[in-house]
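Below are the chains, spelled out letter by letter.
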Amino acid sequence: MEARPADPGHHTAPDHRADQHSCPSRSPAGPHLGSGVTRPLALARPNPQETRLSTRAVIARPTADGYAGMYVHFDGYPDSKLPLLLAAYQHRFAGDVEAMARHLIDEVHHGWEELGTDLLDGAPAGLRRSLTGGEEYPSRQLTNVYNTDGTPAERELITQDGTEDLEWAYVLHESGIEVIGLLAYDRGPVVGWDTDPRSRIVADPGAWNPDSPAPVVPPRTAPRLSATAPASAPALAPRKAARR
């Protein structure tokens, strides 16, 4: 089946996401990003003036011989998708990875046009605000999807053998999310479900080596100081008496 929205390339910044899809057809994945690319943390809304750019991904569950899942058309970079998925698991789905997989995979007919801030339902207001900058937008499923011969497309799961035009895969394991930079690898490191969604995440596919730790840096936390007394130097431990 050839029934995915067309895409001549992909963005390099979160506000350069497409806002609507065009006539469905297959096209090759976009170019490789530069090494060590990181982008702002906030999940930004698409720019409606750029309507043909996307970064294609699949959200999947593991199978006996790989994985199978649903297509996601817009903004598939890990610094966009990982915060949403981690926060969704921790809050909206209360740690139930199977319920999360049913929502993202089983209850979808053709795939996702984009994943929205409804996945953050139940998250603390401060976390939600830090991830979105205060913006809200709904998830949208793909509709009116046709094969290249004009016939309506059937529901079809994407497997590890059908990712030639995708850039990222997110596999929902019991222990965490396996993130696969498909332009560089066919496997990826697993990001634990307890990872802070506010972490700094590298967007370069080449950084997601399956044999290395995931390129995810936890957010810095400032030390708490007393509001009534100035900070003082830490007390030195008492010196042990010399043994005779």
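What counts, and at which threshold
Residues numbered from 1 in each chain as written. Predicted model: local features only at pLDDT ≥ 70, side-chain atom pairs only at ≥ 80, totals over all residues. Heavy atoms only, no water. Helix = DSSP H or I, 4+ residues; strand = E, 2+ residues; numbered from the N terminus. Buried < 20%, exposed > 50% of the residue type's maximum accessible area, 1.4 Å probe, protein only. Contact = heavy atoms within 4.5 Å. Areas by Shrake-Rupley, 256 points an atom, 1.4 Å probe, with all protein chains shown as cover. Polar contact = N/O pair within 3.5 Å; in protein donor to acceptor, adjacent residues only side chain to side chain.

Explain the overall build of the protein to me, and be specific about the residues and the numbers.
If you tally the helices and strands in the protein, you get 3 helices and 10 strands. Along its sequence from the N terminus, the protein presents helices and strands in the succession β-β-α-α-β-α-β-β-β-β-β-β-β. Taking all 244 residues of the protein together, the buried fraction comes to 48%. Across the protein, every contact between residues at least 6 apart in sequence was considered, and the portion connecting residues at least 24 apart equals 66%. About 12,400 Å² of surface is accessible on the protein, with carbon and sulfur atoms providing 52% of the total.

Help me get a handle on helix H2 (residues 97-106), residues and values and all.
In an α-helix, one full turn covers 3.6 residues, which means residues spaced three or four apart are oriented alike. Summarising burial for H2: 7 of the 10 residues are buried, a large majority. All of the buried residues along H2 are Val-97, Ala-99, Met-100, Ala-101, His-103, Leu-104 and Ile-105. Against the buried residues of H2 lie strand S1 (57-63), strand S2 (66-72), helix H1 (78-92), strand S3 (112-114) and strand S6 (168-172). Near the N-terminus of H2, the side chain that reaches the backbone nitrogen of Glu-98, with its oxygen 3.2 Å away, is that of Asp-96.

Let's hear about the environment of Asp-121: which residues, and what values?
Residue placement: Asp-121 occurs in the loop between S3 and helix H3 (125-132). Since its relative accessible area comes to 36%, Asp-121 is described here as partly exposed. Along the backbone, Asp-121 and Phe-93 are 28 residues apart, and their C-alpha atoms lie at a distance of 9.1 Å. Each residue touching Asp-121, except ones within four places of it in the same chain, is listed here: His-91, Arg-92 and Arg-128. At 3.4 Å, the side chain of Asp-121 and the side chain of Arg-128 are in polar contact.

In short, geometric facts, not functional conclusions.
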